[in-house]
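Below, each chain spelled out in residue letters.
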Amino acid sequence: MKKTKEYNVEGATLTIPLRYDKKSDRYMEVYPDFIKDPVYTAEGYPIMLTLEDACPLAKQKDENQPLVDCGSCRFYRQVENALIGVCGHEKKRREL
């Protein structure tokens, strides 16, 4: 049986497979391609990887920090202890 880790992201349940990494001697999460195969919260907001490049709708959280990825955007809601989160921009939300 393969190891997995489950997350509840604002009403969406994600089961993320784990892969053993010999160099770090630990299991690492293998995230899907959320751009290619989008996953949405119960409210219709897209789930994204924190390290995806910032989109044209992004706005800085902090004026003193560069806007380089989703994690640096004020619309992004990070999931605790994971490299995923939710884009909270209304224009990214899908119709339910």
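Our structure is the block above this text.
Here is a short report on the structure shown in this document.

What counts as what
- Residues numbered from 1 in each chain as written.
- Predicted model: local features only at pLDDT ≥ 70, side-chain atom pairs only at ≥ 80, totals over all residues.
- Heavy atoms only, no water.
- Helix = DSSP H or I, 4+ residues; strand = E, 2+ residues; numbered from the N terminus.
- Phe/Tyr/Trp six-rings, centres within 6.5 Å; stacked < 30°, edge-to-face > 60°.
- Lys NZ or Arg CZ within 6 Å of the ring centre and 35° of its normal.
- Core = buried A, V, L, I, M, F, W, Y, C linked by side-chain atoms within 4.5 Å.
- Buried < 20%, exposed > 50% of the residue type's maximum accessible area, 1.4 Å probe, protein only.
- Contact = heavy atoms within 4.5 Å.
- Pairing = 2+ DSSP bridges.
- Salt bridge = Lys/Arg side-chain N within 4 Å of Asp/Glu carboxyl O.

### Section: the environment of Leu67
Mapped onto the elements, Leu67 comes out in the loop between β4 (47-49) and β5 (76-78). Each C-alpha atom of the pair Leu67 and Asp53 lies 8.9 Å from the other, and the pair is 14 residues apart in sequence.

### Description of the packing of aromatic side chains
Tallied over the full model, the rule gives one aromatic pair. With a centroid separation of 5.3 Å and 65° between ring planes, the pair formed by Tyr20 and Tyr27 is classed as edge-to-face. Note that Lys3 overlies the ring of Tyr27, its terminal NZ or CZ placed 5.0 Å from the centroid. The ring of Tyr45 has Arg77 lying over it, and the distance from NZ or CZ to the ring centre is 5.2 Å.

### Considerations on the nonpolar core
Tyr7, Val9, Leu14, Tyr31, Ile47 and Ile84 are the most contacted members of the largest nonpolar core, which totals 14 residues. Mapped onto this core, the elements with two or more residues apiece are β1 (4-9), β2 (12-21), β4 and β6 (84-87). In terms of residue count, β2 provides more of this core than any other element does, three residues in total. Apart from the residues within four sequence positions on either side, Val9 is in contact with Leu14, Thr41, Ile47, Val79, Ile84 and Val86. Ranked by size, the runner-up nonpolar core spans seven residues in total, among them Met48, Cys73, Tyr76 and Cys87.

### A closer look at the pairing of strand β3 (residues 26-29)
The two faces of the sheet receive side chains in turn, since in a regular strand these alternate between them. Bridging between β2 and β3 involves four bridges; their strand directions are antiparallel. Across the sheet, Tyr20 pairs through a bridge with Tyr27, a residue of β3. Linking β2 to β3, which pair antiparallel, is a turn of four residues; within it Asp25 sits at a positive phi near 55°.

### Digging into the environment of Asp33
For Asp33, the position within the fold is in the loop between β3 and β4. Considered as a pair, Asp33 and Met48 are 15 residues apart in the sequence and their alpha carbons are 8.7 Å apart.

### Some points on the pattern of salt bridges
This model, assessed by the stated rule, comprises four salt bridges. Residues Lys5 and Glu29 are paired through a salt bridge, measuring 3.7 Å at the closest nitrogen-oxygen approach. Of this pair, Lys5 sits in strand β1 while Glu29 sits in strand β3, and the two are 24 residues apart along the sequence. Of the charged contacts in the structure, one is a salt bridge between Arg77 and Glu10, with a shortest N-O distance of 2.9 Å.

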